[in-house]
Amino acid sequence: MTVLVQSGKPRFDVVVQFGLLALAWGASFLFIKIGLEGLSPAQVVWSRLVFGALTLGLIMVLTRRPVPRDPVLWGHCAVVALMLCVVPFLLFSWAEQHISSGLASIYNGTTPLTTMVFAAAALHAERITRDRGIGLGLGFAGVLLIIGPWSIDPGSGLAPQLACLGATTCYGVAFAYLRKFVSPREVPALTVAFVQVTSGAVVMVVATPWIAGSALRLTPSVVVSMIVLGAVCTGLAYIWNTNVVGAWGAANGAAVTYVTPIVGVVLGILVLEEPLSWNQPVGAVLVITGILAAHGRLTPNSRTPSGQTG
């Protein structure tokens, strides 16, 4: 991976933040799984967004960032919040009632592929090139291998996996919408993150009377998992991501996508003793190969320069 360097070496603080980001996003599926031991899927999402909003709000105060007052910006960010936070978080949480946290993390790795599809539809500059077409083909072949049609239980095996793909499809829509309607406003990334996560938290808080009907079993592990999921995996992780992309560029920063499924799978096996079928890691390799191909990483002459998107 090519990165910006300082005195011939990558900046140590950025390397550390990259590692923390990979751990946080990879571990988020483990924390969801633990949270589901005492909470409903909606309650997991409520906790994640509320703790995430509180963390980002505290960082806004400490860094003296003003809260935007533009109602149009809040409206666009509310749409993004639904598609980037509320709906996909609910889908992943529901799915993890039926599949392993490791498998959910593998599906999350398809996000760059779904983003590419919707960006091509919404943004002229993001049209499907030869490299991107090859990458999409390899990536979706990997998805088919991960699903493993030969071993699906017709009664319950397919729906949770489709829910995960529905979540990454939401991410693809949200990123395309964000780039088209929010990015041109040149609002600081921290501010956008605060508005998005806070908007999502408001949605879940408003829904509290319906969510609260489910029984709670707040064990120490459930409580700690929800705090970490919200404060670290949803709050601090966005700050780390912003710093990594700012130092290394968007294309190189996106390399965290290749690491998070590995973290998710390893934690699932070590902590929860989850099983792993041969087709899941092999399919994940195909997905990652597709992402690399789409960004020209397999054809050196078309490689995207550091600091630019693919």
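Everything here concerns the structure above.
Residues numbered from 1 in each chain as written. Predicted model: local features only at pLDDT ≥ 70, side-chain atom pairs only at ≥ 80, totals over all residues. Heavy atoms only, no water.

Colleague: If you had to explain the overall build of the protein to someone new, which residues and values would you point to?
Modeller: Each helix and strand counted, the protein has 13 helices and 0 strands in total. When the helices and strands of the protein are listed from N to C terminus, the series reads α-α-α-α-α-α-α-α-α-α-α-α-α. Within the protein, the fraction of its 310 residues that count as buried is 50%. Within the protein, residue pairs in contact and separated by at least 24 positions form 86% of the contacts whose partners lie at least 6 positions apart. Entry remark: accessible area of the protein is about 14400 Å², with carbon and sulfur atoms responsible for 69%. (Helix = DSSP H or I, 4+ residues; strand = E, 2+ residues; numbered from the N terminus. Buried < 20%, exposed > 50% of the residue type's maximum accessible area, 1.4 Å probe, protein only. Contact = heavy atoms within 4.5 Å. Areas by Shrake-Rupley, 256 points an atom, 1.4 Å probe, with all protein chains shown as cover.)

Colleague: Go over a nonpolar patch on the surface with me, naming the residues and quoting the values.
Modeller: Residues I262, V266, I269, L270, V271 and L276 make up a contiguous nonpolar surface patch of about 530 Å² in total accessible area. In this fold, L276 is placed in the loop between α12 (256-272) and α13 (279-294). We classify L276 as partly exposed; its relative accessible area is 39%. (Patch = residues over 30% accessible without salt bridge, like charges linked within 9 Å, V, L, I, M, F, W, Y side chains within 5 Å. Salt bridge = Lys/Arg side-chain N within 4 Å of Asp/Glu carboxyl O.)

Colleague: Now, about the nonpolar core: what can you tell me, with residues and values included?
Modeller: Counting residues in hydrophobic clusters, the biggest one holds 50 residues, and the most contacted among them are L49, L56, F92, Y107 and C164. Ranked by the residues each element gives to this core, the list is headed by helix α3 (residues 71-95), at 9 residues. Contact partners of F92, with chain neighbours within four places excluded, come to F29, A104, N108, C164, A167, T168 and Y171. Grouped together as the second largest cluster of nonpolar side chains are 21 residues, V14, A22, L229 and C233 included. (Core = buried A, V, L, I, M, F, W, Y, C linked by side-chain atoms within 4.5 Å.)

Colleague: Tell me what's going on with α12, and back it up with residues and numbers.
Modeller: Counted at 1.5 Å a residue, the expected span for α12 with its 17 residues is 24 Å, and the 23 Å between its end C-alpha atoms agrees. For α12, the set of buried residues is V256, T257, Y258, T260, P261, V263, G264, V265 and G268. Once α12 finishes, E273 follows within two positions and takes phi at roughly 55°, a positive value. (Expected span 1.5 Å × (residues − 1).)

Colleague: Describe the pattern of salt bridges, naming the residues involved and giving the relevant values.
Modeller: Taken as a whole and judged by the stated rule, the model has 1 salt bridge. Where R185 meets D70, a salt bridge forms, and the shortest distance between an N and an O atom there is 3.0 Å. Remark: D70 occurs in the loop between α2 (41-62) and α3 and R185 occurs in the loop between α7 (158-182) and α8 (189-206); sequence separation between them is 115 residues. R185 gets classed as partly exposed once you look at its relative accessible area, which sits at 36%. Residue classification places D70 among the partly exposed positions, given a relative accessible area of 31%.

Colleague: Quick one: what's the story with the packing of aromatic side chains, residue by residue and with numbers?
Modeller: Each aromatic ring pair is described using two quantities: the centre-to-centre distance and the angle formed by the ring planes. On inspection of all chains with the given rule, the structure shows 3 aromatic pairs. Relative to F92, the ring of F29 has its centre 5.3 Å away and its plane inclined at 75°; by these criteria the two rings are edge-to-face. Separated by 63 residues along the polypeptide, F29 in helix α1 (residues 12-35) and F92 in helix α3 bring together distant segments of the chain. Take F29 and F92: they sit in the same class, and that class is buried. Seen in terms of ring centroids, Y177 and F181 are 4.5 Å apart; in terms of plane orientation they differ by 45°. Their pairing is tilted. Here F181 and Y177 lie together in helix α7, a separation of 4 residues that amounts to about one turn. (Phe/Tyr/Trp six-rings, centres within 6.5 Å; stacked < 30°, edge-to-face > 60°.)

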